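Chains, contacts and geometry: an overview
Chain by chain, the residues:
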Amino acid sequence: RRSGAPGDRRDRISTSKFGTARPRATRYSTSPERTRDRGVGDTMNELRNLVRDIPDFPKPGILYRDITPLLENPHGLRSAVQAMAEPFRGDSIDRVLGIESRGFLFGVPIAIDLQAGFAAARKPGKLPHDTHRASYELEYGRDELHMHVDSIEAGQRVLLVDDLVATGGTAAAAVDLVGRAGGEVVGCAFLVELEDLKGASRLEALGVERVHSVIVY
């Protein structure tokens, strides 16, 4: 899927659909007026500078936010993982649930950082054992996320991780998976948020109190 683009292949959103997002109480970003931890502002701006803008990809009207330069930069990758994990240190996270596929890239090192286990939310047909499943809408039709039934135990505290939140449809399905397993979603951590697509607001409407995004467009 596209990383850092206005939507991903799961959401298929173009820049022409941007709207206005409401302010949120628990937010972290590179915007000076919204950054809560004043000590990380320079680092966040450095990370933003490592995201490459590619216009009209994969089709006209899409501005693609390419995070591969950040992933290739050792300091940038380390700083991104630390910045995504920072608000949740001391929250006794039991599981980090990474959303396929770039949520895996960040989810595993964040789980190590937080001394938690890692669980995977995957597309249909990718997991061999019995699964919980939750559906979400695409531009044309629907898709599903699956998670092994024993990935999360009842009462466990879960952090959702993905590289990007756009409309929030995929992350909302992951919240549903955690609920089906009896877990508690402590929060969500994203590298990139496309604020005007209101994905964070959608998650907050589902009861997720802490939506943390490192870079906000």
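You'll find the structure just up there.
Attention here is on the structure that accompanies the text. (Residues numbered from 1 in each chain as written. Predicted model: local features only at pLDDT ≥ 70, side-chain atom pairs only at ≥ 80, totals over all residues. Heavy atoms only, no water.)

**Here we look at the packing of aromatic side chains**
- Per the counting criterion, the structure on display carries two aromatic pairs.
- A centroid spacing of 5.1 Å and a plane angle of 80 degrees characterise the contact between F57 and Y64, whose relative ring orientation is edge-to-face.
- On the basis of relative accessibility, which here comes to 9%, the residue Y64 falls in the buried class.
- Ring plane angle 90 degrees and centroid distance 6.0 Å describe the contact between F104 and F118, whose orientation is recorded as edge-to-face. (Phe/Tyr/Trp six-rings, centres within 6.5 Å; stacked < 30°, edge-to-face > 60°. Buried < 20%, exposed > 50% of the residue type's maximum accessible area, 1.4 Å probe, protein only.)

**Comments concerning the pairing of strand β9 (residues 211–216)**
- Of all six residues in β9, six are buried, a share of seventy percent or more.
- As paired elements, strand β8 (residues 184–193) and β9 share five bridges and run parallel to each other. Its bridge partner being in β9, C188 is matched across the sheet by V211.
- Remark: the β8/helix α6 (residues 199–205)/β9 crossover connection has right-handed handedness. (Helix = DSSP H or I, 4+ residues; strand = E, 2+ residues; numbered from the N terminus. Pairing = 2+ DSSP bridges. Right-handed = clockwise from strand over helix to strand, strands pointing away.)

**A few points about the side chain of E100**
- In this structure, E100 sits in the loop between β3 (95–99) and α4 (102–113).
- Overall, the relative accessible area of 7% leaves E100 in the buried class.
- A distance of 3.2 Å separates polar atoms of two side chains, one belonging to E100 and the other to K126. (Polar contact = N/O pair within 3.5 Å; in protein donor to acceptor, adjacent residues only side chain to side chain.)

**Observations concerning helix α5 (residues 169–181)**
- With 13 residues, α5 should reach 18 Å at 1.5 Å per residue; the first-to-last C-alpha distance of 19 Å fits that figure.
- Counted residue by residue, α5 has 10 buried out of 13 residues, so it is predominantly covered.
- For α5, every residue scored as buried is listed here: G169, T170, A171, A172, A173, A174, V175, L177, V178 and A181.
- Note on α5: the residue one or two positions beyond its end, G182, has a positive phi of about 85 degrees. (Expected span 1.5 Å × (residues − 1).)

**Focus on the packing of helix α3 (residues 74–85) against α4**
- Contact pair α3 / α4: the axes reach a minimum separation of 9 Å and the direction vectors enclose 65 degrees. Our pair here, α3 against α4, has a crossing hand that is right-handed. Packed against α3, whose contacting residues are L77, A80, V81, M84 and A85, the element α4 presents F106, P109, I110 and D113 at the interface. (Axes fitted to C-alpha atoms, helices over the stretch in contact; angles between N-to-C directions. Left-handed = near helix turned anticlockwise from the far one by under 90°. Contact = heavy atoms within 4.5 Å.)

**Comments concerning the sheet that holds β3**
- The parallel open sheet is built from five strands, whose spatial order is β4-β3-β7-β8-β9. Strand pairing shows two members of the sheet lacking a second neighbour, β4 (117–121) and β9, which therefore form its edges. Neighbouring strand axes in the sheet, compared pairwise and without regard to direction, differ in orientation by 20 degrees on average.

**Some remarks on unusual backbone geometry**
- Residue F57 is joined to P58 through a cis peptide bond whose omega torsion reads 5 degrees.
- In this structure, P58 sits in the loop between β1 (52–55) and β2 (63–66).
- Looking along the chain, the bond that leaves E100 and enters S101 is cis, with omega of -5 degrees.
- A positive phi angle is found at Q115, which is not glycine, with a value near 55 degrees.
- For Q115, the location among the structural elements is in the loop between α4 and β4.
- In this structure, K198 takes a positive phi of about 65 degrees despite not being glycine.

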